[in-house]
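Chains, contacts and geometry: an overview
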Amino acid sequence: RAAISALWCHARALATTIAGPCSYEVVVKKSRFVASAAPVSSAEEALAWVRRESDESARHNCFAYTLSDGYSRSNNDGEPGGTAGPPIAAAIAGAGVVDVAVLVRRYRLDGGAKLGTGGLVRAYGGAAQGVLEAAARTPLVRLVPLTVEFE
């Protein structure tokens, strides 16, 4: 009797993620919003990506990520409560993707105008939606170990 355990089998694709990193930019009332998205497979990987991609010269580096196990997190980075991270998370949910992180950096141009809470929600959510619409999609396929025994 022998066993071969070096084989891997594709599990059925149950979800969609983005195929690779992507960027999108929009200007709203003298504020520039630069959105980036990347596929991630864990909270640690998402946070490491956010740290690498954040820009200290930006007024705010707001993010959200959603994993295939259902875990998600968002951060407003000093923007009023609920005006940045949650709209980014809502854009991820609306796009129907998982294992993805989105970071939106806000830069004020020439002083920039106050956007108000509704304006911030629309700007952050719109930038996140834009980057996710621009991103190529791919089915999320997990590999599972397969052991074959024979005599």
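Look above for the structure.
Presented here is an overview of the structure given in this document. (Residues numbered from 1 in each chain as written. Predicted model: local features only at pLDDT ≥ 70, side-chain atom pairs only at ≥ 80, totals over all residues. Heavy atoms only, no water.)

Looking at the nonpolar core
In a soluble, globular protein the nonpolar side chains are often hidden away together inside. Put simply, the test is: The definition of a nonpolar core used throughout is a set of buried Ala, Val, Leu, Ile, Met, Phe, Trp, Tyr and Cys residues joined through side-chain atoms within 4.5 Å. The buried label applies to any residue whose accessible area, calculated with a 1.4 Å probe on protein chains only, is under 20% of its type's maximum; exposed applies above 50%, and partly exposed to all values in between. In this description a helix means any DSSP run of H or I spanning at least four residues, a strand means any run of E spanning at least two, and both kinds are numbered starting from the N terminus. It only takes one pair of heavy atoms within 4.5 Å for two residues to be counted as in contact.
Membership of the largest hydrophobic core comes to 25 residues, with the highest contact counts inside it found for I88, V102, V104, Y124 and L132. Mapped onto this core, the elements with two or more residues apiece are β4 (31-39), β5 (60-66), α2 (85-95), β7 (100-108) and α3 (116-134). Residue contributions to this core peak at seven residues, all from α3. The contacts of Y124, once residues within four sequence positions are left out, are F33, H60, C62, E79, T83, A84, I88, V104 and R106. Counting eleven residues, the second-largest nonpolar core is a separate cluster that includes W49, V50, F63 and L103.

Observations regarding helix α1 (residues 43-53)
Keep this limit in mind: By construction, the arc corresponds to the directions joining the helix axis to the C-beta atoms.
For α1, the full list of buried residues reads A43, A46, W49 and V50. Along the axis of α1, the buried positions cluster into a sector of 130°, meaning they face one direction only. Of the exposed residues in α1, the ones pointing more than 90 degrees away from its buried face are E44, R51 and R52. Contacts made by the buried residues of α1 are with β4, β5 and β7.

Everything listed here is a matter of coordinates, which is why it stays silent on function.
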